[in-house]
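Below, each chain spelled out in residue letters.
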Amino acid sequence: MPIRPLLLALAALVALLTPAATAAAGEYVPGEVVVKYDGGKNARVHEIRDGDSVPETIAELRANPRVKYAVPNHIARASQTFVPNDPGFRRQWNLSEPWGIGMPEAWSLAAASGAPAGKGVLIAVLDSGVAFERYKRYRRSPDLRKRTFVRGYDFIDRDRHPNDVFGHGTHVAGTIAQATNNREGAAGIAYEARIMPLRVLDSAGSGDSVAIAKAIRYAARRDADIINLSLEFELDVVPSEIPEILAAIRFAHRRGSLIVAAAGNGFGRKVAYPARADQVIAVGATTRSGCRSDYSNGGPDLDLVAPGGGVDAEPRASQELDLCNPNSASDWIFQVTFRGRSVQKFGMPRGYEGTSMAAPHVSGIAALVIASGKLGPNPSPDLVQNHIEATSRDLGRPGFDGRYGHGLVDAARALRCPPMMAC
């Protein structure tokens, strides 16, 4: 028997055998008790007329040897999940389909926790900037709210206006915190979280290690809960060549920032830096079929996978044989960003796939977990990482492997399961 039904069965048994105070748990109709007598065909509703409470009446009835059972008349509610009305949500297989991350249930669980959609969590997005403001020729993305953003910095132009000119950073920020249920655009995972835009990549999507290291420290000093790095160095870059990046990562980790990075798109058997560094969650990519994306780097330093789109890699494990088709068409990750080359025209363009798209899924889920309080008021980065890994869905060979790490992240399980336990 699965764990959840077993627990429910045990709970029902306890309700019948324990004192009356326990029997009245949950929501029930006041002034009524459901009673069944030995020899009777059906239970009947006993109306309480003497002013006693439901638990008191249950206790009295259970003292009668002719009573087979006496229980509250419990009230059930429709089991609903939150499905946003954003028109682009139907294209976001990464959020809701069988090999997505379980967002409809996760949004409902987050709301029930009292911290809907990552409310109160600060995420630094180190990228090509974000379309977050109306400034000179720039426009804010119509599906990003002004109140979502805190002050950031442009480490390329060295000013207070880290506006996107490439589209990549706006797409990444959208996956994390796109305005949701507003009848426009698409949905975001942690749409009540705040974003700190930090521009470290230029108009061609390139950036240097000094700027990136400075931005990591900037985010950590300003108490970013999560730092998203949807960027990678070449696979031949070794630690001795990026000491400033590694020092900044250690600094941010000590200050309590969870660092999430793209594993890289080099079709390689090892993870690229900075994702490969200690104290960073390295995120690979999966397809709509629940398979490893053919471009996604892997290896022993891979921690997790998340939807990144693209084409299925060649199957290797037996579990992949029934799922993966390398000849299938590519599926993309859809978010609102620039349409064409204009920084003033927005849409949901095709073509966005990669571990850059996978990483913000993990950042968004981490925001939901932190905000929910299920790991305590100020969980450490390691605690959050361990919980997300423990609640991921195992893919490929059983247990940890170099193609999927600990598995496919699952927002619903991360919010539903006990700390550091699968369910």
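Relevant structure appears above.
Residues numbered from 1 in each chain as written. Predicted model: local features only at pLDDT ≥ 70, side-chain atom pairs only at ≥ 80, totals over all residues. Heavy atoms only, no water.

Structural notes on the overall build of the chain
- Along the backbone of the chain there are twelve helices and twelve strands.
- Projected onto its principal axes, the C-alpha coordinates of the chain cover approximately 80 × 50 × 40 Å.
- Sorting the 423 residues of the chain into buried and exposed places 53% on the buried side.
- Here the chain has roughly 19000 Å² of accessible surface; of this, 51% comes from carbon and sulfur atoms. (Helix = DSSP H or I, 4+ residues; strand = E, 2+ residues; numbered from the N terminus. Buried < 20%, exposed > 50% of the residue type's maximum accessible area, 1.4 Å probe, protein only. Areas by Shrake-Rupley, 256 points an atom, 1.4 Å probe, with all protein chains shown as cover.)

What to know about the packing of aromatic side chains
- Applying the stated criterion across every chain, the model contains eight aromatic pairs.
- Aromatic pair F155 and Y218: ring centres 5.7 Å apart, planes at 85 degrees, arrangement edge-to-face. With F155 in the loop between β5 (153-154) and α6 (168-177) and Y218 in helix α7 (residues 209-221), the pair connects residues that are 63 residues apart, well separated along the chain.
- Its relative accessible area of 14% is what places F155 among the buried residues.
- The exposure class assigned to Y218 is buried, which follows from its relative accessible area of 9%.
- Over the aromatic face of F334 sits the side chain of R91, whose NZ or CZ is 4.0 Å from the ring centroid.
- For R217, the ring lying beneath its charged end belongs to F251, and the centroid distance is 5.1 Å. (Phe/Tyr/Trp six-rings, centres within 6.5 Å; stacked < 30°, edge-to-face > 60°. Lys NZ or Arg CZ within 6 Å of the ring centre and 35° of its normal.)

A closer look at a negative patch on the surface
- On the surface, a cluster of negative charge is contributed by E232, E234, D236 and E241.
- Take D236: it is sitting in the loop between β7 (226-229) and α8 (243-254).
- Residue D236 is classed as exposed on the basis of its relative accessible area of 61%. (Patch = residues over 30% accessible without salt bridge, like charges linked within 9 Å, V, L, I, M, F, W, Y side chains within 5 Å. Salt bridge = Lys/Arg side-chain N within 4 Å of Asp/Glu carboxyl O. Lys, Arg positive; Asp, Glu negative; His and termini not counted. Charge placed at Lys NZ, Arg CZ, Asp CG, Glu CD.)

What about the packing of helix α10 (residues 355-372) against helix α11 (residues 381-390)?
- As a packed pair, α10 and α11 sit with axes 10 Å apart at the nearest point and diverge in direction by 110 degrees. With respect to their mutual orientation, α10 and α11 come out roughly perpendicular. Seen from α10, the contacting residues are V362, I365, A366, V369 and I370; seen from α11, they are V384, H387 and I388.
- When the residues that make up the contact of α10 with α11 are grouped by side-chain class, the tally is seven nonpolar, one polar and no charged. (Axes fitted to C-alpha atoms, helices over the stretch in contact; angles between N-to-C directions. Parallel < 35°, antiparallel > 145°, perpendicular 65-115°, else oblique. Contact = heavy atoms within 4.5 Å. Nonpolar A, V, L, I, M, F, W, Y, C, P; charged D, E, K, R; others polar.)

Notes on the nonpolar core
- M103, I123, I226 and L368 are the most contacted members of the largest nonpolar core, which has 57 residues in total.
- In terms of residues, this core owes the most to one element, α10, which gives eleven residues.
- Beyond its immediate sequence surroundings of up to four residues, I123 is in contact with I176, A193, R194, I195, M196, I226, S363 and A367.
- Within the second largest apolar cluster, 47 residues are counted, among which are L126, V200, I216 and Y404. (Core = buried A, V, L, I, M, F, W, Y, C linked by side-chain atoms within 4.5 Å.)

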